[in-house]
Amino acid sequence: MNEPGGMELTATLRRIERAAGALATASVARMDESLPWFRELPADQRSWVMLVAQAGARSLVEWLGSGGGTTDSTQEVSDEVFDAAPLALARSISLQQTVALIKVTIDVVEEQVSHLAAPGEEQQLREAVLRFSREIAFAAARVYARAAESRGSWDARLQALLVDALLRGDSPDVLASRAAALGWADAPPVAVAVGRSPGGEVAAVLHTVYRHARRIGVEVIGGVHGDRLVIVLGGATDPVTATEKLLPAFGEGPVVVGPAVPSLDEATDSARAALAGYRAAPAWPTAPRPVPAADLLPERALAGDAEARRRLRHDVYATLLRAGGELLETLDAFFAAGGTLESAARALFVHPNTVRYRLRRIAEVTGFSPLTPRDAFALQVALTVGRLDPIVPAGVTGPALR
């Protein structure tokens, strides 16, 4: 008699070959009985599983015939057993479900060992089937790993296209279609954050983004655009705070967060503000990290951002004009006096308390306090921009209108 595990299963192999079709059919029938989720699969996916089961039965014969049934063999099951079904099956059925299908199939084969094995080969076949089930599981894991890598690469490319569309200002339809392909829920509000990419593989960078996003429960789409990492956040009530928790995904340097908008359709505005702020951020070395794009309005205006100039002109300078000339006059005097309240009061021939009152009014109507150095800088830039780009009275049209 041959050594255990070293016996050639010639007779058994012939029996398994003849029974391959019946084994596959019985396996699928058992899946239908014992796995409720399998019964709910579309007909085409169930047929794919049938093809895989048939390929698995043929693979068992080939594996045993090439020495895989012996205890000292290193023969592996080829991943080609899963080629009978399209790669899309790996996206419809999870790895856990695939393992359940394999278990059902192996159970059916084990129940038939007494009928499949030639006399005296039952135990060897049973042991070989156990080893085969392990190899099949490893092969399935390899297939799913490749599918995940392929999906990850595709998602990275699609996200890069979406980010590029955002930065170009493409139509909302383009943004919506690409976001839908990525499973974007469009949870409001939506904001865009921009910072330096940490470098390395894009997939690894985005994996870090998603890992941190899951922890704080926000929707994200990320993309590496040149040396910049651009992240679209959805469902974060405070985008700046949410971005602060995503900082480990960024490289060194400033991280700028655009304004929150109601939906992805309007995210281009947030992206433009974030990018303009990112370009201007080096002018404010002590800026917080992350920093709202709105806090960089003076630097953005000096860097040539038309939207920042418009906001400073209309929201600050024009507001001061509408509030009355005395506020503008007081602000000029205060800056001319180097921020000294008493000197400004003497220049204006008013009491210092009057100057204090007017400075408080300026803070109320503009949102910037002249007594705060950072706000005073923004007010000075706003005055400069407002006088360089005069406010056009209502009803005036033509070249003078800006």
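Residues numbered from 1 in each chain as written. Predicted model: local features only at pLDDT ≥ 70, side-chain atom pairs only at ≥ 80, totals over all residues. Heavy atoms only, no water.

### Section: the overall build of the protein
Check the secondary structure of the protein and you find 17 helices and 5 strands. Buried positions account for 45% of the 402 residues belonging to the protein. Considering only intrachain contacts with a sequence separation of at least 6, the fraction spanning at least 24 residues in the protein is 67%. With an accessible surface of roughly 20100 Å², the protein has 54% of that area assigned to carbon and sulfur atoms. (Helix = DSSP H or I, 4+ residues; strand = E, 2+ residues; numbered from the N terminus. Buried < 20%, exposed > 50% of the residue type's maximum accessible area, 1.4 Å probe, protein only. Contact = heavy atoms within 4.5 Å. Areas by Shrake-Rupley, 256 points an atom, 1.4 Å probe, with all protein chains shown as cover.)

### A look at the sheet that holds strand 3 (residues 228-234)
Pairing within the open sheet is mixed, and its 5 strands lie in the order 2-3-1-4-5. Two strands in the sheet have a free side with no partner beyond their single neighbour: strand 2 (219-225) and strand 5 (291-292). As paired strands, strand 2 and strand 3 are joined by 7 bridges and run antiparallel to one another. Residue pairing for strand 3: I221 is matched across the bridge by V232. Here helix 9 (residues 202-216) sits on the sheet in contact with strand 2 and strand 3, set at roughly 155° to strand 2. (Pairing = 2+ DSSP bridges. Axes fitted to C-alpha atoms, helices over the stretch in contact; angles between N-to-C directions.)

### With respect to the pairing of strand 1 (residues 190-196)
Counting buried residues along strand 1, 6 of its 7 residues qualify, which places the element largely inside the surrounding structure. Examined bridge by bridge, strand 1 and strand 3 share 7 bridges and lie antiparallel to one another. Looking at the pairing, R196 lines up with R228 of strand 3. Note that strand 1 and strand 4 (residues 255-257) share 3 bridges and pair antiparallel. Residue pairing in the sheet places V194 in a bridge with V256 of strand 4.

### Examining the pattern of salt bridges
All chains considered together, the criterion is met by 13 salt bridges. A salt bridge links D305 to R300, with the shortest nitrogen-to-oxygen separation between them at 2.8 Å. Across the pair, R300 and D305 agree in class, each one buried. Several salt bridges converge on common partners, so that one network encompasses R309, R313 and D389. (Salt bridge = Lys/Arg side-chain N within 4 Å of Asp/Glu carboxyl O.)

### As for helix 14 (residues 325-336)
A rise of 1.5 Å per residue sets the reference length of helix 14, with its 12 residues, at 16 Å; its end C-alpha atoms lie 17 Å apart and thus fit the reference within 8%. Of all the residues in helix 14, the buried ones are L327, L328, T330, L331, A333, F334 and F335. On its buried face, helix 14 sits against helix 13 (306-323), helix 15 (341-348), helix 16 (352-366) and helix 17 (373-388). With its phi angle positive at about 70°, G338 sits one or two positions after the end of helix 14. (Expected span 1.5 Å × (residues − 1).)

### Quick notes on the packing of aromatic side chains
This structure, assessed with the given rule, holds 2 aromatic pairs. A centroid spacing of 6.3 Å and a plane angle of 85° characterise the contact between W37 and F38, whose relative ring orientation is edge-to-face. Of the residues examined, W37 reaches a relative accessible area of 22% and is grouped as partly exposed. The buried category is assigned to F38, whose relative accessible area is 0%. (Phe/Tyr/Trp six-rings, centres within 6.5 Å; stacked < 30°, edge-to-face > 60°.)

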